[in-house]
Number of protein chains: 8
Amino acid sequence: MDNNNLQSILSSLYNKDISVEQAVAHLKDLPYQDLGFAKIDHHRALRKGYPEVIFCQSKTPQQVVAIAKAQMSHGETVYGTRVSDQVLAAVKEAIADVEYDELARVFWRRSESWKMCENTHGRILICAAGTADLSVAMEAQRTLEIIGHESRILSDVGVSGIHRLFSHREILQDASVIIAVAGMEGALPSVIAGYVSCPVIGLPTSVGYGSHLNGMVPLFAMLNSCASGLTVVNIDNGFGAACAAASINSVRII
Amino acid sequence: MDNNNLQSILSSLYNKDISVEQAVAHLKDLPYQDLGFAKIDHHRALRKGYPEVIFCQSKTPQQVVAIAKAQMSHGETVYGTRVSDQVLAAVKEAIADVEYDELARVFWRRSESWKMCENTHGRILICAAGTADLSVAMEAQRTLEIIGHESRILSDVGVSGIHRLFSHREILQDASVIIAVAGMEGALPSVIAGYVSCPVIGLPTSVGYGSHLNGMVPLFAMLNSCASGLTVVNIDNGFGAACAAASINSVRII
Amino acid sequence: MDNNNLQSILSSLYNKDISVEQAVAHLKDLPYQDLGFAKIDHHRALRKGYPEVIFCQSKTPQQVVAIAKAQMSHGETVYGTRVSDQVLAAVKEAIADVEYDELARVFWRRSESWKMCENTHGRILICAAGTADLSVAMEAQRTLEIIGHESRILSDVGVSGIHRLFSHREILQDASVIIAVAGMEGALPSVIAGYVSCPVIGLPTSVGYGSHLNGMVPLFAMLNSCASGLTVVNIDNGFGAACAAASINSVRII
Amino acid sequence: MDNNNLQSILSSLYNKDISVEQAVAHLKDLPYQDLGFAKIDHHRALRKGYPEVIFCQSKTPQQVVAIAKAQMSHGETVYGTRVSDQVLAAVKEAIADVEYDELARVFWRRSESWKMCENTHGRILICAAGTADLSVAMEAQRTLEIIGHESRILSDVGVSGIHRLFSHREILQDASVIIAVAGMEGALPSVIAGYVSCPVIGLPTSVGYGSHLNGMVPLFAMLNSCASGLTVVNIDNGFGAACAAASINSVRII
Amino acid sequence: MDNNNLQSILSSLYNKDISVEQAVAHLKDLPYQDLGFAKIDHHRALRKGYPEVIFCQSKTPQQVVAIAKAQMSHGETVYGTRVSDQVLAAVKEAIADVEYDELARVFWRRSESWKMCENTHGRILICAAGTADLSVAMEAQRTLEIIGHESRILSDVGVSGIHRLFSHREILQDASVIIAVAGMEGALPSVIAGYVSCPVIGLPTSVGYGSHLNGMVPLFAMLNSCASGLTVVNIDNGFGAACAAASINSVRII
Amino acid sequence: MDNNNLQSILSSLYNKDISVEQAVAHLKDLPYQDLGFAKIDHHRALRKGYPEVIFCQSKTPQQVVAIAKAQMSHGETVYGTRVSDQVLAAVKEAIADVEYDELARVFWRRSESWKMCENTHGRILICAAGTADLSVAMEAQRTLEIIGHESRILSDVGVSGIHRLFSHREILQDASVIIAVAGMEGALPSVIAGYVSCPVIGLPTSVGYGSHLNGMVPLFAMLNSCASGLTVVNIDNGFGAACAAASINSVRII
Amino acid sequence: MDNNNLQSILSSLYNKDISVEQAVAHLKDLPYQDLGFAKIDHHRALRKGYPEVIFCQSKTPQQVVAIAKAQMSHGETVYGTRVSDQVLAAVKEAIADVEYDELARVFWRRSESWKMCENTHGRILICAAGTADLSVAMEAQRTLEIIGHESRILSDVGVSGIHRLFSHREILQDASVIIAVAGMEGALPSVIAGYVSCPVIGLPTSVGYGSHLNGMVPLFAMLNSCASGLTVVNIDNGFGAACAAASINSVRII
Amino acid sequence: MDNNNLQSILSSLYNKDISVEQAVAHLKDLPYQDLGFAKIDHHRALRKGYPEVIFCQSKTPQQVVAIAKAQMSHGETVYGTRVSDQVLAAVKEAIADVEYDELARVFWRRSESWKMCENTHGRILICAAGTADLSVAMEAQRTLEIIGHESRILSDVGVSGIHRLFSHREILQDASVIIAVAGMEGALPSVIAGYVSCPVIGLPTSVGYGSHLNGMVPLFAMLNSCASGLTVVNIDNGFGAACAAASINSVRII
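Counting restarts for each chain: residues are numbered from 1 in the order of the written sequence. By the order in which they are written, chains take letters starting at A while ligands take numbers starting at 1. This being a predicted model, a pLDDT of at least 70 is required before a residue's local features are given, and a value of 80 or more before pairs of side-chain atoms are given or counted; all residues contribute to the totals for chains, interfaces and linings. Hydrogens and water are ignored here; the side-chain numbers use all heavy atoms of the structure.

A. Main features of the interface of chain C and chain E. Contacts between the two partners involve 24 residues from chain C and, on the opposite side, 19 residues from chain E. Summed over both partners, the interface of chain C with chain E buries about 1800 Å², with 55% contributed by carbon and sulfur atoms. When a carboxyl oxygen of Asp or Glu is within 4 Å of a side-chain nitrogen of Lys or Arg, the pair counts as a salt bridge. Along the contact surface separating chain C from chain E lie 0 salt bridges. Under this definition, polar contacts are N or O atom pairs within 3.5 Å; protein pairs additionally need one hydrogen-donor-capable and one acceptor-capable atom, and for neighbouring residues in sequence, both atoms have to be side-chain atoms. Across the contact surface, chain C and chain E share 4 residue pairs in polar contact (both at pLDDT 80 or more). Of all elements in the fold, only helix H3 (44-48) and helix H10 (216-223) of chain C reach the threshold of two or more residues within the side of chain C that touches chain E. When checking whether two residues touch, look at their non-hydrogen atoms; a contact exists if any pair is within 4.5 Å. Buried area: the accessible surface (1.4 Å probe) lost by two parts on joining, summed over both. A run of DSSP states H or I qualifies as a helix once it reaches four residues; a run of E qualifies as a strand once it reaches two. Both are numbered from the N-terminal end.

B. Highlighting the pattern of salt bridges. With the rule as written, the count across this model stands at 64 salt bridges over all chains. A salt bridge links A:Arg164 to A:Asp156; the shortest N-O distance between them is 3.9 Å. With respect to burial, A:Arg164 and A:Asp156 carry one shared label: buried. The shortest N-O distance in the salt bridge between D:Lys115 and D:Glu118 comes to 3.8 Å. We note that D:Lys115, like D:Glu118, is exposed. One network of salt bridges, with partners in common, ties together A:Glu99, A:Asp101, A:Arg110, A:Arg142 and A:Glu145. Remark: exposure states derive from per-residue accessible area (1.4 Å probe, protein chains only) relative to the maximum for the residue type, with buried under 20%, exposed over 50%, and partly exposed in between.

C. Main features of the relation of the copies chain C and chain D. With an RMSD of 0.1 Å, the fit of chain C onto chain D corresponds to turning through 180 degrees and sliding 0.0 Å along the axis. With respect to symmetry, the two chain copies, as superposed, fit the operation of a two-fold axis. Of the residues that chain C buries at the interface, 100% are likewise interface residues in chain D, meaning the two copies contact each other through the same surface. Copy-to-copy superposition: least squares on the C-alpha atoms, limited to residues that have pLDDT of at least 70 in both copies.

D. Highlighting the sheet that holds strand S3 (residues 54-55) of chain D. Residues and elements named next belong to chain D. Sheet architecture is open: 4 strands sit in the order S3-S4-S6-S5, paired in mixed fashion. This sheet does not close on itself; its edge strands, each paired only once, are S3 and strand S5 (99-101). At least two DSSP bridges between two strands are needed for those strands to be called paired. Judged from the 3 bridges that link them, strand S4 (residues 78-81) and strand S6 (residues 106-109) form a sheet pairing that is antiparallel. Bridge pairing in S6 places tyrosine 79 opposite tryptophan 108.

E. Inspection of the interface of chain C and chain D at higher detail. Contacts between the two partners involve 39 residues from chain C and, on the opposite side, 39 residues from chain D. Between the two partners, chain C and chain D, sit 0 salt bridges. The tally of links from chain C across to chain D stands at 7 residue pairs in polar contact (both at pLDDT 80 or more). Elements supplying a minimum of two residues to the side of chain C that touches chain D: H3, helix H8 (169-174), H10, strand S11 (230-232) and helix H11 (238-249) of chain C. Among the elements that line the side of chain C that touches chain D, the one with the most residues is H11(C), at 6 residues. Residues are grouped as follows: nonpolar covers Ala, Val, Leu, Ile, Met, Phe, Trp, Tyr, Cys and Pro; charged covers Asp, Glu, Lys and Arg; every other residue, Gly included, is treated as polar. Tallied by class, the residues present in the side of chain C that touches chain D amount to 20 nonpolar, 14 polar and 5 charged.

F. Inspection of the relation of the copies chain C and chain E at higher detail. In the superposition of chain C on chain E (RMSD 0.1 Å, axial shift 0.0 Å), the rotation amounts to 90 degrees. Taken together, the turn and the small shift mark the pair as related by a four-fold rotation axis. Proximity to the rotation axis, assessed at the C-alpha, singles out C:Leu213 in chain C; its C-alpha lies 7.2 Å from the axis.

G. Geometry of the pairing of strand S7 (residues 124-128) of chain F. Residue and element names in this part refer to chain F. For S7, a buried count of 5 out of 5 residues is recorded, marking the element as mostly surrounded by other parts of the structure. Side chains of S7 alternate between two faces, with Ile124, Ile126 and Ala128 and Leu125 and Cys127 buried alike. Two elements, S7 and strand S8 (residues 151-155), share 5 bridges in a ladder whose sense is parallel. Directly across from leucine 125, in S8, lies its bridge partner arginine 152. A right-handed crossover is one whose linking path, passing over the helix from the first strand to the second, runs clockwise when the strands point away from the viewer. What joins S7 to S8 is helix H6 (residues 134-147), and the crossover it makes is right-handed. As judged from the 5 bridges shared by S7 and strand S9 (residues 177-182), these two strands associate in the parallel manner. Residue pairing for S9: alanine 128 is matched across the bridge by valine 181.

H. Molecular detail of helix H6 (residues 134-147) of chain H. Residue and element names in this part refer to chain H. Expected helix span is computed as 1.5 Å times (number of residues minus one). With 14 residues, H6 extends 20 Å between its outermost C-alpha atoms, agreeing within 8% with the 20 Å of an ideal straight helix rising 1.5 Å per residue. The element H6 is extensively covered by neighbouring structure, given that 11 of its 14 residues are classed as buried. Among the residues making up H6, those that are buried are Leu134, Val136, Ala137, Met138, Glu139, Ala140, Gln141, Thr143, Leu144, Ile146 and Ile147. Glycine 148 occupies a position one or two residues after H6 and carries a positive phi of about 100 degrees.

I. The arrangement of the sheet that holds strand S6 (residues 106-109) of chain C in detail. All names here are of chain C. Strand order in the open sheet formed by 4 strands is S3-S4-S6-S5, and the pairing between neighbours is mixed. Edge positions in the sheet fall to strand S3 (54-55) and strand S5 (99-101), since each of these pairs with one other strand and no more. Note: S5 against S6, 3 bridges, orientation antiparallel. Looking at the pairing, glutamate 99 lines up with tryptophan 108 of S6.

Structural measurements only, silent on function.
Next comes the structure, spelled out in structure tokens:
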């Protein structure tokens, strides 16, 4: 409900094209669908640039399927993250042509109107410090794909053998945004952000053990980076990093 | 030292325009100045788009002045953050026409070649939840100014009276990037990121008490936001939020 | 054992209606039943307004059944929370007409004298930020029902799409008490408490991941709310929030 | 801006008593005053039942005085908490007949229309475990007074000599709401909540040392109480406990 | 190897009753048995008053059985704590007449010379706050029994209905030492230590949820008790509490 | 108020030696003195074996002096701990013949009836790991002295040169109770408790830096000791360790 | 790529023995093999003295096998740590003559050129506090073996019976480096480092319970040791302790 | 007291060259000096290779001076760390020719027999990430000097401009041991340990702010490094890092 809508509804009322009751109804109109246990936000694509995504963790398979079907009935693209085996089984049974990626733990079904974004600054780069961080990096890449942004993954370029990273200098410098994925001590984003000028998003993972505190160590390391221009998302939050990168990569016409 | 340089040095060597010794020297050339206790990174402006900044906390006044003078002798803009009273006094005495902002705790002296950036996506918006968060918001604004980006502050728009925020709908929707500053429970960035499509940077502050843990609560709240596209910087890190925002706001030509 | 009892026992003694031994016995009389491993507090309904509830976590199925049967033999309503599958199976086998709710993880059997409270301020509102918070919200609702208070749940009204909450303005403003349930960053109670004048109880949930710390983040966010009049209960403690809400909703005659 | 207002504005427009521009202006009207660094929420009394309070910590004396004067010019009661010596000096100089309490660290100036609430359930009881907790208890009492609720303090009734508490049985049972203030191990609220049926608000204090973690221990102890019906506020948050108690103590007419 | 031994060995040497080599051997004599992976401390009974106990957690069933058999071959009593199902099965198969308690998770086999201690101050009392704390209380009781001290358990006497505790006043005041077992907010030991003069040992349990932090909350509450004379052992450490209580309960002849 | 009192009061009533009103009064008689801000527990000496002690931290000098004077007027010994310079100055001015120890931060004034305990098991030993731990060890020794128990301090016997401890073998083995004081890694109590059979109380101190967490490290180390029979008090709590040691050292006649 | 290589490549270029393109290629040559998901660092043996090791935790069995085979095809020794049952099964099936140790959770296959190091300072000693720490100690020993260093384990020499350690004085004093492994309170490394002059590496384990925090307690205890010369590795990091010990034990020729 | 001493004392006794009493005295001889509050460990130089050092934090100036004088009277070198202004003033007044370094916060006075070590592997390298880390690096260097080891500092070579480090390749590769000092995110030791083969000691500093947790972040980052062979000391522990480096740098003759 933006300012133009407001002007237009009030003008209609002033011109008596609509009644006071209709104006009240318009002004209180619900931009979401109420399933009882969930209120699907069908206007999110307008507001954020991409549809509401189903965060499947802590939802029952039944709830996930119901939300997905409601979105499909509005012709929307469906995309679910953090999928358990049970949820995936239920989704595969309920939705005929659903696609999924078991490593990234996501499923999706593109709407008919789905297409890649046309106005982007370029290609997003995802650097993963170790092989064990790949699952989180893949969640980011799958999410970018659904939102319509192209991306590329450089895997196993962590700081214990830093020459592996710097041999890809040109790829680093060509990126429009970089998502730097790291567990353990989380040093990779600092090194990258000290080297490039594009925005860098630190994505800590829970890969580690002992005093690693399930990812708190790389999270804090990234937040305390001595390299400027680095911002950070939650541990293992490939989805959030992708949304932020897509937002940065979108050409804005102001 | 980029790829073109490498090609060019090696070609000179191949053509015997330079000796092996000169090639070695070029390939090992130091893009920084060694003060003994500090190695000033004069190439940072090329690499990152803005000069090295003096983080004054934990440095002695003598060290700060020496670094500032070395930068000035290279014709660089000088900018210092987290300035104590002692450092500020030393800087004011040592540098004739230095400028400063006591609320933001920064000082600066623009070089002759300083100018605002010409290719930006628009104006950066800084939203501060409470009056007590202003000092951190001001550090962000001063930093943006030095880096060459225009910004505007909306103060006291926290969630305890959320109508104060939504009455500025148009300003929110016109921004190219938003820095959302909040202490206490840190809910403001979530509400903003749920509302706009541009990138939002959460900037937690240490304003609070008791179980606030000196800013850890708003930091964690922002990292766990249910709104997508939000990234976060360290507590009270106005400088870092500004660098990230400037990086996002810069038009890239790829 | 209140003051009137004391007066009355002592008067009986003074009048030699009872012996010293009987007075001692009365004054030391046990208002509970001793099962050896448990001492059932049969006076709790008098003291607190509702009977002792069986917190089943960390109890063996045998212990739960024994306590339930002891309560039933006193004609009391039985109500158990945090029921595991094993406990539920044992209870269903041991108690003929027991009722239960698998999502809320509770079972109950109303006594013959059970009835809804007659003197309440109105209807209690339970707002749940996300679908995944429903299980905790349901524990609160079931508890309120057993204690005799009517309630209503608004689900999926979190701050990532805050218009979904404000479209229920009137329901919010009609409530006598509101329980605001939220995981993730826990911002919902702040927004509600900034909007209404009735008491608001923040109920954090363990829904989240990474730096969420199993619910510590929304717990701390609620404790540090910039909205006044908000109080908080333990993570996932739907039972406690319901007891507090019922206590507030009870009309007191002083 | 409630539903009746909306109806009334739209009817005026329909009847052309006001223009479209006027309707837009009304619908976007600001219920707050913009001081630049602060946006004073003059509608808060309507929304919450008491005026906006000045949380003075982290504000400059100049900011506090400016906010206080703006409130006074609207005929509102002024009330500031967490006052430092500097803020108090500035306030005493700037506001002629200001009152203050140095132990509770608050100042106030009642408006002409100030009066005690007329519809309350009764008297609020504040129980403080130790003498050292009195400062926080006093912040609660002063706040209640300004909001218009009567209260009484029982001091030094902690669990190390629990007979001191139980000798006040009748006072406990007569209260409409109890605020239980405790530092150290924070056991007092549990004992009280196990004894009375009225709502109990746990108010942890930072009184303690060593592994006390500046109040985190009593805070967590209260959140994990085995007594039902207990809710909790932030450490040392006498103001918040008072607001919650006042909200509970207000007779609602639904 | 005490002082008398030293005198005696050296005198023998001085008198040439033993050779230098024998003296060296005596002075370096190993008061333990080396199994390779374990060095059994057969002198512990002399030093501490009770034999070495097998802490079974993190040991393989084979290791537990081997240690138990080595102790039996020295005629020692065998006692194992924190027994998993696998360890218990292995022990039952390997040791003919072993006894065990599944709730307390311990097994034992008394040596022929085992007997109750003769010189004790009296009977040790174990108070458990809730039924769910019984398993830990039982570990303490079984340990005391093996060490030769009589004890008694009072169960379900937590602070949510504190009259259940005080109805056992005489038992409390007759105890020579009290072990106070509590999970949740851990208030019971404070209340008891404020009431009795004998030593009180706080034994926190992991019974709780949410912000309970697996027992850290009652542990910290007990450490911060406002009641003096209370000491504390690790979470769920019934064994340690029993050893400390036995040590206190032993009559010392100095 | 013990059982004999109860019998006696009720018998008097039965015999009409006292009226019902008098019986009520007796049964509700206050065993403490109410100063308004403090309720002095004059019965504590009966209940605990030593008088109420003034914990001076977080109390104003005026409050400390008032409590001390009230105790003196009852002929009680006065003892204050954690004394700041301001409190000590106020106490020295207000109480003519007060004594104090600046290292231990305590003051005291013995009552006329004060005397050393007559029935103790022996002498208490205090072992301090480093010179820096002496202040806390002294608080324990001064407290023991006031309570009437003799003690001896062994200083600087930490594990970095463990031969310094073992050269005092006989003193260790003669002690009736040992208080083991240690900062840094807190290993001393483990080593001692593995060596002696008397009760050992671990007293962690805040001496350390960096990851020492202000004493949490030695506190946790002691709680996790592999030596049995060790109990622990709060960080820097010399007073508490002394009370526990005195309680253990008292000969009980049962 | 060291300095000599640089000189040599540039001389070849100067002498036109190689072209500019070849020089560029040489200077950018990749010292690793790219498997897509992993970039194997074949130069690590040159740089670090031992080949890249496969940290198997968080890798799929397929990834582990593929990396192992790639290393074998370069004639390198293969060594994997933190092996799950699934990974071990896959490795045993895929690699004919692989060896493994189930307690240490490692597998290995020596290359043909594998041999023990020839220039070492001596034998490395591994002291394990308890039997339950053996698994971690074994990971260290197996790693040392693969890297080519001899070692010896002393098991069950913890501080609860410290005479078991000191009876091995000579072994302690003969070691070139000591790895001290301990869970619980982690006191063993302090005691050893206070006794010997060779470097001591503290290796904390997760053996413990309750407030042990999964190994954080011994980790912090070791970091805060009052014995000098002690350094520490991550919890359960037998591999890292072995690498550090091997590095210290290697004779350097400078 | 080593094995040869034992043989020799016992032989003397056997030969009746000494009496039993003398043998007892020898066997119990104290290798330290007892000042009452301190027991100076004069044998430490024999045991550890360097004399006991005075950790001045938490000691009174009087205690520091007394310990220093006792050491001087034994002809030992005196060295104090973590010196406050008060301690330094007292030391300067009491010890005529004391030397000190205010940045490193240490003082020293070499004994007449002091000399540099003769058998070392080479020169120790200290790399400091930022200028603000210099104070801690200097404590390490001064300590090494006193212990007799040469060292060199490379300052301001942190990862935000990693070319500054790699331009010193040869210095890195020539070092016998490297101490890597870093605050902020603590990434420098990982990068160095991934590059060199000599032992690397990570030394975290408290330089940082916000979620830096006073140095816990770089401490944890170093412990979780993906580079092998890195060990770590406590935050700001320049002394400990130096002791460990010296121990590693000493040529051992076995």
